[in-house]
Amino acid sequence: MAATSASTLLTQCSKKPDIDPAKKGTKLIPTYCDVCFWKCAAVATVVDGVLTKIEGNDNDPISNGRLCPRGTGGIGAHFDKDRLTHPLMRVGGKGEDKWKKVTWDEALTFIAKKMNQIKEVHGPESMALFSHGVGGSFFKHTLKAYGSHNIAAPSYAQCRGPREIGFVLTVGDEIGAHERTDIKNAKTVVLIGSHLGENMHNTQVQEFAHAIGNGAHIIVVDPRYSVAASKAKDYLPIKPGTDMALILAWMHVLVKEELYDKEYVAKYGFGFEAFEAEMEEYTPEWAFIQTGIEPDVIRKTARQMAMTAPATLVHPGRHVTWNGDDTQRSRAIALLNSLLGSWGRKGGFYTHADKMSVPKYPYSKKYPEGNYRKADRPNENDFPFANGAHDTLSTGLRDATLTGKPYPIKGWITYGTNLLSCLPDTRMTIEAIKKLDLLVVCDIVPSELAGWADVVLPESTYLERHDELSVGAFREQPYVTIRQPIVDAPDDQKPNWWIGRELAIKLGLGDYYPWKTMEEYLQTRVKSAGLDWEKLTTEGIILGEKGPIYMKEEGNDDPEAQVEMLFCEDTDKINFYSNALKEKGFDPVPKYTAPDPLPAGSFHLLFGRAPVHTFAKTQTNPLLHEMMPENEVWLNAAVARRYGLTSNDYVKLKNQDGIVSFKVKVKVTNRIRKDCVFMVHGFGHSARGLKKAFGKGASDATLVTKYKTDPIMGGTGMNVNFVTLETGE
Ligand SMILES: Nc1nc2c(c(=O)[nH]1)N[C@H]1C(S)=C(S)[C@@H](COP(=O)(O)OP(=O)(O)OC[C@H]3O[C@@H](n4cnc5c(=O)[nH]c(N)nc54)[C@H](O)[C@@H]3O)O[C@H]1N2
Ligand SMILES: Nc1nc2c(c(=O)[nH]1)N[C@H]1C(S)=C(S)[C@@H](COP(=O)(O)OP(=O)(O)OC[C@H]3O[C@@H](n4cnc5c(=O)[nH]c(N)nc54)[C@H](O)[C@@H]3O)O[C@H]1N2
Ligand code: SF4
Ligand SMILES: [Mo]
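Predicted model only: the values in this text are computed from it and were never measured.

1. A short note on the packing of helix α14 (residues 394-403) against helix α16 (residues 426-434)
Moving on, step 1. The geometry of α14 relative to α16 is characterised by a closest axis approach of 9 Å and an angle of 50° between their N-to-C directions. Regarding the angle of α14 to α16, the classification is oblique. In the packing of α14 onto α16, the handedness of the crossing is left-handed. Here α14 contributes R398, D399, T401 and L402 to the contact with α16, which in turn contributes M428, T429, E431 and A432.
Moving on, step 2. Looking at the contact of α14 with α16 residue by residue, the class counts come to three nonpolar, two polar and three charged.

2. Looking at the domain arrangement of the chain
Moving on, step 1. According to the domain assignment, the chain contains domain 1 (181-350) and domain 2 (603-726).
Moving on, step 2. When each unit is reduced to the centre of its C-alpha atoms, the spacing between domain 1 and domain 2 is 27 Å.
Moving on, step 3. Domain 1 puts 24 residues into the contact, and the matching count from domain 2 is 26 residues.
Moving on, step 4. In total, about 1,800 Å² of surface goes out of reach between domain 1 and domain 2, with carbon and sulfur atoms giving 58% of it.
Moving on, step 5. Summed over the three residues of domain 1 that lose the most area to domain 2, namely R224, P240 and T327, the buried surface amounts to 26% of that side.
Moving on, step 6. For the pair domain 1 and domain 2, the interface holds zero salt bridges.
Moving on, step 7. Applying the counting rule to domain 1 against domain 2 returns nine residue pairs in polar contact (both at pLDDT 80 or more).

3. Quick word on the site of ligand 3
Moving on, step 1. If you check the shell around ligand 3, you find C33, V35, C36, W38, K39, C40, L67, C68, R70, G71, M200 and N202 and nothing else.
Moving on, step 2. For the shell around ligand 3, the residue count by class is eight nonpolar, two polar and two charged.

4. Structural notes on the side chain of T620
Moving on, step 1. Here T620 lies in the loop between β20 (603-608) and α21 (622-627).
Moving on, step 2. A relative accessible area of 6% means that T620 is categorised as buried.
Moving on, step 3. A polar atom in the side chain of T620 sits 2.6 Å from the side chain of D80.
Moving on, step 4. Contact partners of T620, with chain neighbours within four places excluded, come to D80, D82, V445, L690, K692 and A693.

5. Regarding the pairing of strand β14 (residues 438-443)
Moving on, step 1. With respect to burial, β14 is a largely interior element, six of its six residues being buried.
Moving on, step 2. Examined bridge by bridge, strand β13 (residues 411-415) and β14 share five bridges and lie parallel to one another. Bridge pairing links I413 to V440 in β14.
Moving on, step 3. The pairing of β14 with strand β15 (residues 455-458) spans four bridges and is classified as parallel. For V440, the partnering residue across the bridge sits in β15 and is V455.

6. Here's the deal with a negative patch on the surface
Moving on, step 1. A surface patch of negative charge is lined by E569, D570, D572 and E583.
Moving on, step 2. Position of D570 among the secondary structure elements: in the loop between β18 (541-543) and β19 (574-575).

7. Topic: the packing of helix α5 (residues 137-146) against helix α17 (residues 496-506)
Moving on, step 1. Across the interface, α5 lies against α17 with an axial gap of 8 Å and an inter-helix angle of 15°. Our classification of the angle between α5 and α17 gives roughly parallel. You can see that α5 and α17 cross each other, and the crossing is right-handed. When α5 is examined against α17, the residues F138, F139 and T142 are found in contact with a partner set consisting of N496, W497, I499, G500, L503 and A504.
Moving on, step 2. Considering only residue class, the contact of α5 with α17 consists of six nonpolar, three polar and no charged.

8. Some details on α5
Moving on, step 1. When you tally the buried positions in α5, you get seven out of ten residues, the bulk of the element.
Moving on, step 2. Following α5 by one or two positions, G147 adopts a phi angle in the positive range, close to 120°.

9. Looking at the site of ligand 2
Moving on, step 1. Surveying the vicinity of ligand 2 reveals 30 residues, the closest of which are D222, R224, D243, H319 and H613.
Moving on, step 2. Measuring from a nitrogen atom of ligand 2, one finds a backbone N or O atom of M200 at 2.9 Å.
Moving on, step 3. Here an oxygen atom of ligand 2 and a backbone polar atom of H319 are 2.4 Å apart.
Moving on, step 4. Protein chains shield 98% of the accessible area of ligand 2, which is 920 Å² for the free molecule.
Moving on, step 5. Taken together, the residues of the shell around ligand 2 break down into 13 nonpolar, ten polar and seven charged.
Moving on, step 6. Looking at which domains feed residues into the shell around ligand 2, each of domain 1 (181-350) and domain 2 (603-726) gives three or more.

10. Some points on the nonpolar core
Moving on, step 1. W250, M251, F275, L336, L339 and W343 are the most contacted members of the largest nonpolar core, which has 66 residues in total.
Moving on, step 2. In terms of nonpolar packing, the next biggest core, distinct from the first, is built from 47 residues, W104, M356, V440 and Y521 among them.

11. What to know about unusual backbone geometry
Moving on, step 1. P310 follows A309 through a cis peptide bond whose omega is 5°.
Moving on, step 2. You can see P310 is positioned in the loop between α12 (295-308) and β12 (312-314).
Moving on, step 3. The peptide bond linking K405 to P406 adopts the cis configuration, its omega dihedral lying at 0°.
Moving on, step 4. Within the fold, P406 resides in the loop between α14 and β13.
Moving on, step 5. For D572, which is not glycine, the phi torsion reads 60° and is therefore positive.
Moving on, step 6. Looking at the secondary structure, you find D572 in the loop between β18 and β19.
Moving on, step 7. Here D572 falls in the exposed class, since its relative accessible area comes to 59%.
Moving on, step 8. A positive phi is found at F615, a non-glycine position, where the angle reads about 40°.
Moving on, step 9. Inspection of the secondary structure assignment puts F615 in the loop between β20 and α21.
Moving on, step 10. Using a relative accessible area of 27% as the deciding quantity, one classes F615 as partly exposed.

12. Side note on the packing of aromatic side chains
Moving on, step 1. Going through the model one piece at a time under the given rule, you end up with 27 aromatic pairs.
Moving on, step 2. Judged by centre distance (4.9 Å) and plane angle (50°), the ring pair of Y282 and W286 falls under tilted.
Moving on, step 3. Overall, Y282 belongs to the buried group, its relative accessible area being 4%.
Moving on, step 4. Relative accessible area serves as the criterion here: at 21%, W286 is assigned to the partly exposed category.
Moving on, step 5. Seen in terms of ring centroids, W634 and F678 are 5.3 Å apart; in terms of plane orientation they differ by 75°. Their pairing is edge-to-face. Separated by 44 residues along the polypeptide, W634 in strand β21 (residues 632-636) and F678 in strand β24 (residues 676-680) bring together distant segments of the chain. Accessibility assignment for this pair places W634 and F678 in one class, buried.
Moving on, step 6. When the ring centre of W634 is taken as origin, the NZ or CZ atom of R224, which lies over that ring, is 4.8 Å away.
Moving on, step 7. In this arrangement the basic side chain of K667 is found over the ring face of W634, its NZ or CZ atom lying 4.5 Å from the centre.

Rules used in this analysis
Residues numbered from 1 in each chain as written. Chains lettered and ligands numbered in written order. Predicted model: local features only at pLDDT ≥ 70, side-chain atom pairs only at ≥ 80, totals over all residues. Heavy atoms only, no water. Axes fitted to C-alpha atoms, helices over the stretch in contact; angles between N-to-C directions. Helix = DSSP H or I, 4+ residues; strand = E, 2+ residues; numbered from the N terminus. Parallel < 35°, antiparallel > 145°, perpendicular 65-115°, else oblique. Left-handed = near helix turned anticlockwise from the far one by under 90°. Contact = heavy atoms within 4.5 Å. Nonpolar A, V, L, I, M, F, W, Y, C, P; charged D, E, K, R; others polar. Domains from an automatic or database assignment. Buried area = accessible area lost by both parts, 1.4 Å probe. Salt bridge = Lys/Arg side-chain N within 4 Å of Asp/Glu carboxyl O. Polar contact = N/O pair within 3.5 Å; in protein donor to acceptor, adjacent residues only side chain to side chain. Near = heavy atom within 4 Å. Buried < 20%, exposed > 50% of the residue type's maximum accessible area, 1.4 Å probe, protein only. Pairing = 2+ DSSP bridges. Patch = residues over 30% accessible without salt bridge, like charges linked within 9 Å, V, L, I, M, F, W, Y side chains within 5 Å. Areas by Shrake-Rupley, 256 points an atom, 1.4 Å probe, with all protein chains shown as cover. Lys, Arg positive; Asp, Glu negative; His and termini not counted. Charge placed at Lys NZ, Arg CZ, Asp CG, Glu CD. Core = buried A, V, L, I, M, F, W, Y, C linked by side-chain atoms within 4.5 Å. Phe/Tyr/Trp six-rings, centres within 6.5 Å; stacked < 30°, edge-to-face > 60°. Lys NZ or Arg CZ within 6 Å of the ring centre and 35° of its normal.

Below, the structure written as structure tokens:
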């Protein structure tokens, strides 16, 4: 994207900053990006006190000195005229969108009073927090100090949760974010739905480009001819919801043709015989009937994978909550990689090097003992494998709010998440909100969810605040990165750490915050790690000692391959057969479940990302808005002809439950199956305060009223909705 001039941005500014003589000149300030959660380190340029551009930090292994288009356009958030400017309290009925401006003191006093009432009547666990992103850290701290552990994130059970559990059950470890996929060194890359290039997670896209440049063989499985598909040697336009059948057939071919890595499987595998016996029936001919992919294509692609193994990466995806059997599908992907011997090996999956040791802030006060049983599962035995570190189920907390079981939830605080665009069935979310005694929404813009709040707290953007350190390792390189304020917040917005701290003080929990400023907090952490504060704040990043990333194996003295691999806890092996699943009544070897049949005249509703937007959170950013103001609905050309539609006509979509979308522009294309429509997630905003984005395009979220819950870990499969087209006005 071309750098936007300061004057262009200034015309978009809600309040022109005073040019203070002290601010004259050009300053470069390092930080890390927050337009998504990839945490690319960046350097912002400020001219005469005005933020003019942001670029990648050359020393950062995550950005490699380059930001994605969203990161570059991220500075628009600072200039957004639609921003929240002051704390707001509801004066009308819930959801009527009638407000009075209040001071921070009034807002936080009100919240604290309500929270203390809830605690008195129902116990502290009746307050829940929904939070996405690093900025939620201090809200979490305050809520735990108050006595509740009901803290959920839609980036888990609506995103990658089933993938993590599927891999833990199979190879004994999570994929994690950043993904540990060795795309750069892979000779064959298989993408099952992962739409890299539209999904813009920076380093993955850079590595994907690198792999293509190196002549890697790309196989893409997607009902839609994605950007990644356009780079593929084999494109498999699969019938939606049938990927498990394809993966099983691939494994059938590898086993039957004895193309799998026998040595690897014999050495590291558990239960292979039972697995092998179950693969017998999944012939490519059987899979053809399910998936629509020709048997010879299935055989050919399986052989291709075997040919370059172990440098064959079957990408595990990230947003995998599709059909409700997502843990098992992810497990099948882990098994396919295991047959190829790619887990732990170069060109397959590596392990990030160890992070640098940066001690937590030395708080002396412990969180209170309380009801640590979370409210997201009415029965203890529900979703037996939802037991990761970040396991709380957002829809479970919503159900508890609706039913009062296992105990009532009476208050929600939300931070950096719009529950009306990320949870399935927004009707249930609204019903749950109606039952609450308190809804606090902390956001930067007046989102749909903010419209239902009792109190709205306006946060300063990531360009105007400090945040928690980013302590991580990408491939062999450990790093610590800092986020620091580039410019002042234009109005009465405050940073999350200030809000979390002040709220704790109002709740009588001030002892949990012995520090006064974020700089003091950060300096304590940085100094206790023995790192140079001056260097970190001026360079933005401190790099650690590089470490090995591949599995240690006999006969391989490559210094990169010295990681002691731990496999599954129960067997110390890769579980081709899972006793853990069997014990809980699940299939020990993945099986295929056919998707619900498509009703006549309907289409599968598919959705995904566009390179210039993140979720439902960037549509009001003036720079990103300009690049893509609305989404389109992709329609196969033959189908469009039948409906008499051409590109740029508008239609509405109606789902199986009678929900009708806003009108949305048609994109006529041969790049999608005839039984599917596709749209980019995050558009069709219905909040009137989002002036630029209001009514532009359609929302997939409102059409996702149906979902299938994964019985293993509680993820919500949302790719199970059907729509019809409503033409005419
Ligand atoms: N229908 C449907 N649902 C989905 C998905 C989908 O594709 N389709 N994707 C799923 C996936 S993969 C994920 S990870 C989740 C994502 O879900 P979320 O992360 O919850 O994403 P959004 O719903 O866009 O909510 C982000 C909110 O944070 C606000 N925000 C932005 N910056 C800041 C800030 O600095 N401070 C504060 N306080 N707020 C800020 C935005 O204005 C917005 O209201 O959604 C999941 N749900
Ligand atoms: N620009 C941008 N990049 C992002 C994000 C963003 O908001 N904006 N969000 C980030 C986050 S949190 C996540 S989780 C990822 C999500 O990105 P990914 O994990 O890559 O993708 P998904 O959302 O799972 O899948 C979308 C793709 O799956 C295809 N698809 C739909 N149904 C099926 C099916 O049944 N089978 C197959 N094989 N394919 C199917 C769709 O056509 C589409 O191409 O993106 C990340 N990167
Ligand atoms: S991938 Fe893009 S939006 Fe995400 S952190 Fe990096 S530059 Fe920012
Ligand atoms: Mo996600």
